[in-house]
Amino acid sequence: MNGKDFLLIRDFSPSEIQYLLVLGRQVKADPTAFSNSLRRQTLAMIFEKPSLRTRVSFDVGIQQLGGFSLYLSPAEINLGKRESVYDVAKNLERMVQGIMIRTFDHEVVVQMARYASIPVINGLTDYVHPCQAMADYLTIWEAQGNLEGLKIAFVGDGNNVARSLMFAGAQLGAQVWLATPPGYELDAESVQWACDRGGETGGTCTLTNDPEEAASGADVIYTDVWASMGQEAEAEKRRHIFLPYQVDGTLFRRAKRDAIFLHCLPAHRGEEVTNEVIDSPRSLVFQQAENRLHAQKAIMLELMKGEFVKLPGLLELQELMHV
Ligand code: CP
Ligand code: NVA
């Protein structure tokens, strides 16, 4: 995957996604082995939306690999207004070795990747949040010991996080359930892709408007905010519509006894999730947040390693990890 972009979980094969996860686990287990792998490489981080986890994990992650980061706020770049996406890409490729970008319109990320000769990593768009999904499955794998056949129930808005969770689940053979209010389902094209890919991996994708059906017997219950960044004006209206989809103790107890609770964060406590659930011993939200660091280090390593850094192959990693 050297030199490739990381825009969409769909762009990769199941074995590539699996490789990145195994590499992420190895990076977590033995970080010093990779402390020079991206020596002196610089990652430009373009943010057009706020962030805690994405900014900190990419910043710390590239430093732990021997490189540097550069934070570029909306005020500095004003992408597409002060300067075109094309011109930004053509400037950055002369000075840095990778670009991480968080923006609204997914097409901007696609254009950046098309124009820049260096790897571009998607740090969230309105459409998807692929780095989040890698950390999510790393966490599920750590907690449950496997991924294939697990019932993963996303309850809430059919948004960017839900879509990436579904795409990655299809790649990894999981059974993803999405319980949303009517009218807030994921789009049919995304669901069709997941069903088709699931046909190859054993994964499934089921849509419902019934949160209890999704939660029943689940291995993982996942939720996210009801109004994403950019949808603030709809927040009040959505609060009423989504209330029956709140993950509270009663809903969570429908899952398996050893089920885990996940949330990409930031959370709106008392809205999509109650304190009882997010603060319970079954909640792994902070382990999940930490795993952004390890999963993204694996992504940066694989994409930005260049021709001289040799990373262990899948079989070698599986032997190291005993998986
Ligand atoms: N989960 C996540 O992407 O968090 P931030 O918005 O804080 O980066
Ligand atoms: N769906 C949320 C995720 C935040 C990490 C948003 O886009 O705001």
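Here, the structure is the one placed above.
Residues numbered from 1 in each chain as written. Chains lettered and ligands numbered in written order. Predicted model: local features only at pLDDT ≥ 70, side-chain atom pairs only at ≥ 80, totals over all residues. Heavy atoms only, no water.

A.B. asks: Which residues make up the packing of helix H1 (residues 14-29) against helix H13 (residues 285-304), and what are the values?
C.D. replies: Running from N to C, H1 and H13 point in directions that differ by 115°, and their axes come no closer than 8 Å. Here H1 and H13 pass one another in a crossing that is right-handed. Residues Tyr-19, Leu-20, Leu-23, Gly-24, Val-27 and Lys-28 of H1 form the contact with H13, whose own contacting residues are Glu-290, Asn-291, His-294, Lys-297, Ala-298, Ile-299, Leu-301 and Glu-302. Along the lines of polarity and charge, the residues of the contact of H1 with H13 split into 7 nonpolar, 3 polar and 4 charged. (Axes fitted to C-alpha atoms, helices over the stretch in contact; angles between N-to-C directions. Helix = DSSP H or I, 4+ residues; strand = E, 2+ residues; numbered from the N terminus. Left-handed = near helix turned anticlockwise from the far one by under 90°. Contact = heavy atoms within 4.5 Å. Nonpolar A, V, L, I, M, F, W, Y, C, P; charged D, E, K, R; others polar.)

A.B. asks: Which residues make up the packing of helix H6 (residues 130-144) against helix H7 (residues 160-172), and what values do they have?
C.D. replies: Relative orientation of the contacting elements H6 and H7 amounts to 55°, with a least axis distance of 8 Å. Comparing their axes, H7 and H6 come out oblique. Where H6 crosses over H7, the two elements pack in a sense that is right-handed. Facing Pro-130, Ala-133, Asp-136 and Tyr-137 of H6, the residues of H7 in contact are Ser-164, Leu-165, Ala-168, Gly-169 and Leu-172. Per-class residue counts for the contact of H6 with H7 are 6 nonpolar, 2 polar and 1 charged. (Parallel < 35°, antiparallel > 145°, perpendicular 65-115°, else oblique.)

A.B. asks: Residues and numbers for the packing of aromatic side chains, please.
C.D. replies: Going through the model one piece at a time under the given rule, you end up with 9 aromatic pairs. Taken together, a centroid distance of 6.5 Å and an interplanar angle of 65° make the contact between Phe-242 and Tyr-245 edge-to-face. A residue is classified by how much of its surface remains accessible, and Phe-242, at 0% relative accessible area, is buried. On the accessibility criterion, Tyr-245 (5% relative accessible area) is buried. The structure contains a cluster of three or more aromatic residues connected by ring pairs, namely Tyr-184, Trp-226, Phe-242 and Tyr-245. (Phe/Tyr/Trp six-rings, centres within 6.5 Å; stacked < 30°, edge-to-face > 60°. Buried < 20%, exposed > 50% of the residue type's maximum accessible area, 1.4 Å probe, protein only.)

A.B. asks: For the site of ligand 2, give the residues involved together with the corresponding values.
C.D. replies: Close contacts around ligand 2 come from Leu-124, Asn-159, Asn-160, Val-161, Asp-224, Val-225, Ser-228, Met-229 and Leu-265, and that covers them all. Here a nitrogen atom of ligand 2 and a side-chain polar atom of Asn-159 are 3.3 Å apart. The separation between a nitrogen atom of ligand 2 and a polar side-chain atom of Ser-228 is 2.7 Å. Protein burial of ligand 2: of its 270 Å² of free accessible surface, 94% is covered by the chains. Judged by its atoms lying within 2 Å of the grid points, ligand 2 is housed in the largest pocket. (Near = heavy atom within 4 Å. Polar contact = N/O pair within 3.5 Å; in protein donor to acceptor, adjacent residues only side chain to side chain. Areas by Shrake-Rupley, 256 points an atom, 1.4 Å probe, with all protein chains shown as cover. 1 Å grid on protein atoms, 1.4 Å probe; cavity = no way out; pocket = protein on both sides within 12 Å on 5 of 7 lines; lining within 4 Å. Sits in = over half its atoms within 2 Å of the grid points.)

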